[in-house]
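Each chain, letter by letter, is given below.
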Amino acid sequence: MHNDDLMVVQRTVFAGPNSRVNPGMYVDADIAAVRTVRTEVRMDAGATLSTNTYFGRFAASYWQRYSAITEVRLEFDHEVADDAILRFEVHASDASGRDRPVEIIEITGTGRVCLDLAVRRFVDGGAIWFDATAIGGGARLANVTWSAPRPERVRPVSVVICTHNRPSEATATALALASEDLVHNKIAAVYLVDQGTDRVDSHADFERIKAALGDKLHYLTQPNLGGAGGFNRGLFELTRGDVCDTDVLLMDDDILVEPESLLRLSTFAASTVEPMLVGSQMLLLSETYRVHMTSEWDRLGRYRAGMKGAYSRNGINALEKQQEIRVDAGYNAWWSCLIPAEAAVSLGLSLPMFFQWDDVEYGIRARRQGFGTVTLPNSGVWHADFHLKDYDDWSRYFAWRNTFIVTALHGTVEPRGAVTVSLREIGRQLSCMEYGLAATFILALRDFLAGPSVLADGGQGKLAELAELRSHYPETKVRPAAEVGREIRSPIVARPPEPRKGKLDRVLVKRAVKQGVGRVIPGPVTMAKLDATWWHVALFSWVVVTDGSQTGVRVRRRDADTLRRLTRELAEVCWELYRRGPEVAAQWRDAAPALSSRENWQRLFDGD
């Protein structure tokens with residue numbers, strides 16, 4: 001391979017972009033004997049290090065499966081102390097994690113080493129990495145690059161960041177992208193779409209963003225149209241005239257960015273045999289070493305997304321276990337997802353669903369038009385932990401309504417199945433005294449059944465409606481734990497969760513009946529979040545449950561009148577869903593082209 005024909009597809013970075021990040025995500029070493037900076041490492045005599053880490057590995061299996069490359073070039077600068085030796089070992093793994101040596105050399109003096117490594121025997125899984133040992137003296141490694149043949153389809157990247165009242169986070173994300181020259185040079189434009197009232201251009205660091213990005217920065221303001229509105233504004237601007245000159249990277253504002261991930265997404269997308277959507281994995285912001293999900297799938301028949309596919313894993317501790325097996329993805333969430341120019345033009349814009357499932361729908365549409373999705377391991381961004389967000393939230397409205405819309409567009413709204421799923425989901429909420437959440441879900445079903453007209457304003461008016469609706473249900477409010485404890489005064493007994501007995505649907509019927517007739521244990525009792533399963537909470541009439549955010553508690557109390565009213569409303573909406581579901585689904589399918597059209601989005605951007 002000639003250097004002139006090569007493209008750097010990955011660097012070995014030895015330290016993260018932020019001190020919060022666990023250093024073991026980059027290099028496995030004794031920090032007392034190995035000192036790391038971003039692209040350089042210095043080793044004391046006798047020190048060892050390994051890059052068999054999340055960001056240290058080269059995802060060989062994905063490159064062999066989806067690109068035409070057969071070799072990758074590993075290059076690095078070295079400086080070894082006099083009379084010392086740097087033992088440099090290249091290793092590879094397979095789908096089962098077996099470790100095999102690839103190349104072992106001993107290095108002295110100062111210079112640059114170039115190794116051409118075969119990318120084969122990785123179809124089902126595996127990666128390549130290197131280990132190093134400083135023998136008899138100190139050593140330095142720097143400027144480590146992995147290069148592959150330059151493909152014909154090499155384009156810069158336009159980044160679209162959607163933000164709403166998070167000026168500090170959006171500022172930090174934009175500045176991170178401009179922090180390293182190699183990544184900065186890959187970026188053609190940054191569309192910062194501000195939909196909030198606490199504006200980014202009023203932030204103290206906005207001038208730094210302008211200085212760092214120069215004419216690459218496109219700062220746009222518009223009404224709050226949710227994540228869908230922010231991301232589609234960028235896609236709208238970049239696909240004018242049905243052409244797109246760059247790949248498009250959609251990125252959340254509230255993430256901690258690893259700039260190296262942008263480089264890896266871009267170079268991998270350029271090298272795939274067929275254009276594909278390429279996404280980063282989500283890493284947890286509170287546990288920076290943990291992978292949320294290796295890849296995700298939708299399950300339209302179950303009205304679910306965020307599901308594991310074959311061999312997918314969630315919650316992996318990347319300090320202890322690497323993702324060896326190659327796993328396919330059905331879609332990639334838009335916390336960080338690259339859409340190739342061909343797909344951006346062919347697929348057009350998503351539906352104005354405001355929030356939730358817009359990325360899922362786009363991914364389903366992409367794969368049905370021949371654009372697959374890869375969630376690339378060793379390319380990650382840190383995102384706020386989902387498990388620290390309580391399920392009883394206004395956003396559930398959009399998730400539930402939109403799952404029915406997407407199922408109508410790409411699946412089948414089968415009446416019996418749709419009603420069964422709805423009765424099961426909302427029935428559990430009623431049985432465990434989550435009345436506000438049940439009302440939120442019932443409204444979502446009603447709006448789905450109302451048809452495409454509910455998307456006329458792009459979701460802007462729904463936020464106020466949801467706030468009004470949920471304000472009538474006390475358990476939707478998070479309260480300080482000490483305040484609740486002072487009010488109750490009587491003894492509070494914490495009880496362990498009751499084991500599940502029998503089938504859950506049978507348990508649900510029993511719990512619902514007991515709640516309905518009031519044959520429940522009087523409270524108050526307290527429960528930790530982990531103990532507060534619906535079948536356990538449903539045994540009581542008064543429960544104080546820790547909120548998922550761990551910032552306070554929710555007080556759930558049985559209310560016979562509210563329970564009867566919501567049960568009646570649930571029965572009514574489920575009967576209408578059974579009776580009219582397929583008919584309404586057809587309406588959504590017929591309206592989809594107009595809803596996702598440039599004309600409709602232009603109207604929404606203009607505030608009409």
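Residues numbered from 1 in each chain as written. Predicted model: local features only at pLDDT ≥ 70, side-chain atom pairs only at ≥ 80, totals over all residues. Heavy atoms only, no water.

Caption draft 1: Representation of the overall build of the protein chain in the model. Along the protein chain, the regular secondary structure elements total 17 helices and 27 strands. In terms of overall dimensions, the protein chain is globule-like: its C-alpha atoms have a radius of gyration of 27 Å, near the 25 Å expected for 608 residues. Expressed along its principal axes, the backbone C-alpha trace of the protein chain runs to roughly 85 × 60 × 50 Å. Looking at the protein chain as a whole, 58% of its 608 residues qualify as buried. Residue pairs in contact within the protein chain that sit at least 24 positions apart in sequence constitute 79% of those at least 6 positions apart. Approximately 24,700 Å² of the protein chain is accessible, and the part contributed by carbon and sulfur atoms is 50%. Here the protein chain holds 73 positive side-chain charges and 78 negative ones, and the gap between their average locations is 9 Å. (Helix = DSSP H or I, 4+ residues; strand = E, 2+ residues; numbered from the N terminus. Rg over C-alpha atoms; globule rule 2.2 N^0.38 Å. Buried < 20%, exposed > 50% of the residue type's maximum accessible area, 1.4 Å probe, protein only. Contact = heavy atoms within 4.5 Å. Areas by Shrake-Rupley, 256 points an atom, 1.4 Å probe, with all protein chains shown as cover. Lys, Arg positive; Asp, Glu negative; His and termini not counted. Charge placed at Lys NZ, Arg CZ, Asp CG, Glu CD.)

Caption draft 2: View of the environment of glutamine 356. Structurally, glutamine 356 is set in the loop between helix 7 (341-347) and helix 8 (358-368). Classification of glutamine 356 by relative accessible area gives partly exposed; the value is 24%. Residues contacting glutamine 356, with those up to four places away along its chain left out, are Ser395, Arg396, Phe398, Ala399 and Asn402.

Caption draft 3: The arrangement of the pattern of salt bridges in detail. Following the criterion strictly, the structure yields 46 salt bridges and no others. With a closest N to O distance of 3.4 Å, arginine 140 and glutamate 40 form a salt bridge. You can see arginine 140 sitting in strand 11 (residues 139-149) and its partner glutamate 40 sitting in strand 4 (residues 40-43), a full 100 residues away along the chain. The same class applies to arginine 140 and to glutamate 40, which are both buried. Between arginine 424 and aspartate 505 there is a salt bridge, and its shortest N-O distance comes to 2.9 Å. You can see arginine 424 sitting in helix 10 (residues 415-431) and its partner aspartate 505 sitting in helix 14 (residues 504-517), a full 81 residues away along the chain. Classification of aspartate 505 by relative accessible area gives partly exposed; the value is 37%. (Salt bridge = Lys/Arg side-chain N within 4 Å of Asp/Glu carboxyl O.)

Caption draft 4: View of the packing of aromatic side chains. Summed over all chains, the structure comprises 28 aromatic pairs. Between phenylalanine 55 and tryptophan 382, the ring centres sit 5.7 Å apart and the planes meet at 50°, which makes this aromatic pair tilted. Here phenylalanine 55, found in the loop between strand 5 (48-50) and helix 1 (60-66), pairs with tryptophan 382, found in strand 23 (residues 373-383); they are 327 residues apart in sequence, far enough to count as distant. By relative accessible area, phenylalanine 55 is classed as buried at 0%. Residue tryptophan 382 is classed as buried on the basis of its relative accessible area, which comes to 0%. Aromatic rings pair up to connect Tyr303, Tyr391, Trp400, Phe404, Phe441, Phe448 and Trp588 into one cluster. Across from the ring centre of tryptophan 542, 3.6 Å away, lies the NZ or CZ of arginine 557, which sits over that ring. (Phe/Tyr/Trp six-rings, centres within 6.5 Å; stacked < 30°, edge-to-face > 60°. Lys NZ or Arg CZ within 6 Å of the ring centre and 35° of its normal.)

Caption draft 5: Structural detail: the pairing of strand 13 (residues 187-194). Counting buried positions along strand 13 yields seven of eight residues, so the element is predominantly enclosed. With seven bridges connecting them, strand 12 (residues 157-163) and strand 13 associate as parallel partners. Of the residues in strand 13, the one forming a bridge with threonine 163 is aspartate 194. Both strand 13 and strand 14 (residues 217-221) contribute to a ladder of five bridges, which runs parallel. Bridging from a neighbouring strand, leucine 192 pairs with tyrosine 219 of strand 14. Handedness of the crossover joining strand 13 and strand 14 through helix 4 (residues 206-213): right-handed. (Pairing = 2+ DSSP bridges. Right-handed = clockwise from strand over helix to strand, strands pointing away.)

Caption draft 6: Local environment of the sheet that holds strand 2 (residues 28-29). If you walk across this open sheet you meet the five strands as 2-5-10-7-8, and the pairing is antiparallel. Looking at strand neighbours, the two that pair on one side only are strand 2 and strand 8 (99-107), the edges of this open sheet. Bridging between strand 5 and strand 10 (residues 128-135) involves three bridges; their strand directions are antiparallel. Bridging from a neighbouring strand, serine 50 pairs with aspartate 131 of strand 10.

Caption draft 7: A look at the pairing of strand 4. The pairing of strand 3 (residues 34-37) with strand 4 spans four bridges and is classified as antiparallel. Bridge pairing links valine 37 to glutamate 40 in strand 4. Between strand 3 and strand 4, which follow one another and run antiparallel, lie two residues.

Caption draft 8: Structural detail: the sheet that holds strand 26 (residues 542-546). As summarised here, the arrangement of the four strands in space is 24-25-26-27, forming an open sheet in which the pairing is mixed. Two strands bound the open sheet, and with one partner strand each, they are strand 24 (493-494) and strand 27 (553-557). As judged from the three bridges shared by strand 25 (residues 525-527) and strand 26, these two strands associate in the parallel manner. Bridge assignment links valine 525 to a residue of strand 26, and that residue is valine 543.

Caption draft 9: The nonpolar core, seen in detail. Among the nonpolar cores identified, the biggest contains 79 residues, and Met43, Phe58, Phe88, Ile128, Phe130, Trp146 and Val159 are the most heavily contacted of them. Non-local contacts of phenylalanine 88, meaning those with residues more than four positions away in its chain, are made with Leu74, Phe76, Glu103, Ile104, Ile105, Ile107, Leu115, Phe130, Asp131, Ala132 and Leu141. (Core = buried A, V, L, I, M, F, W, Y, C linked by side-chain atoms within 4.5 Å.)

Caption draft 10: Representation of a positive patch on the surface in the model. Where like charges cluster on the molecular surface, the positive patch consists of Lys503, Arg506, Lys510, Lys514 and Arg519. On the secondary structure map, lysine 510 appears in helix 14. (Patch = residues over 30% accessible without salt bridge, like charges linked within 9 Å, V, L, I, M, F, W, Y side chains within 5 Å.)

Caption draft 11: Representation of the packing of helix 10 against helix 16 (residues 560-595) within the structure. Between helix 10 and helix 16, whose axes approach to 9 Å, the crossing angle comes to 165°. Taken as axis vectors, helix 10 and helix 16 run roughly antiparallel relative to one another. Crossing geometry of helix 10 relative to helix 16 is assigned as right-handed. Across the interface between the two elements, Pro415, Arg416, Ala418, Val419, Ser422, Leu423, Ile426, Gly427 and Leu430 of helix 10 pack against Leu563, Leu566, Thr567, Leu570, Cys574, Leu577, Tyr578 and Pro582 of helix 16. Across the contact of helix 10 with helix 16, the residue classes break down as 13 nonpolar, three polar and one charged. (Axes fitted to C-alpha atoms, helices over the stretch in contact; angles between N-to-C directions. Parallel < 35°, antiparallel > 145°, perpendicular 65-115°, else oblique. Left-handed = near helix turned anticlockwise from the far one by under 90°. Nonpolar A, V, L, I, M, F, W, Y, C, P; charged D, E, K, R; others polar.)

Caption draft 12: Looking closely at helix 17 (residues 598-605). All buried positions along helix 17 are accounted for by Asn600, Trp601, Leu604 and Phe605. For helix 17, the angular spread of buried residues about the axis comes to 135°, placing them on one side. Where helix 17 is buried, its residues touch helix 5 (226-238) and helix 16. Trailing helix 17 by a residue or two, glycine 607 shows a phi angle of about 85°, which is positive. (Arc of directions from axis to C-beta.)

Caption draft 13: Main features of the state of the cysteines. This model, assessed by the stated rule, comprises zero disulfides. With no disulfide of its own, cysteine 432 lies 17 Å from the sulfur of cysteine 574, the closest cysteine sulfur. A relative accessible area of 2% places cysteine 432 in the buried class. Cysteine 574 sits in the buried class, given a relative accessible area of 4%. (Disulfide = S-S within 2.5 Å.)

Everything listed is a geometric property; what it means functionally is a separate question.
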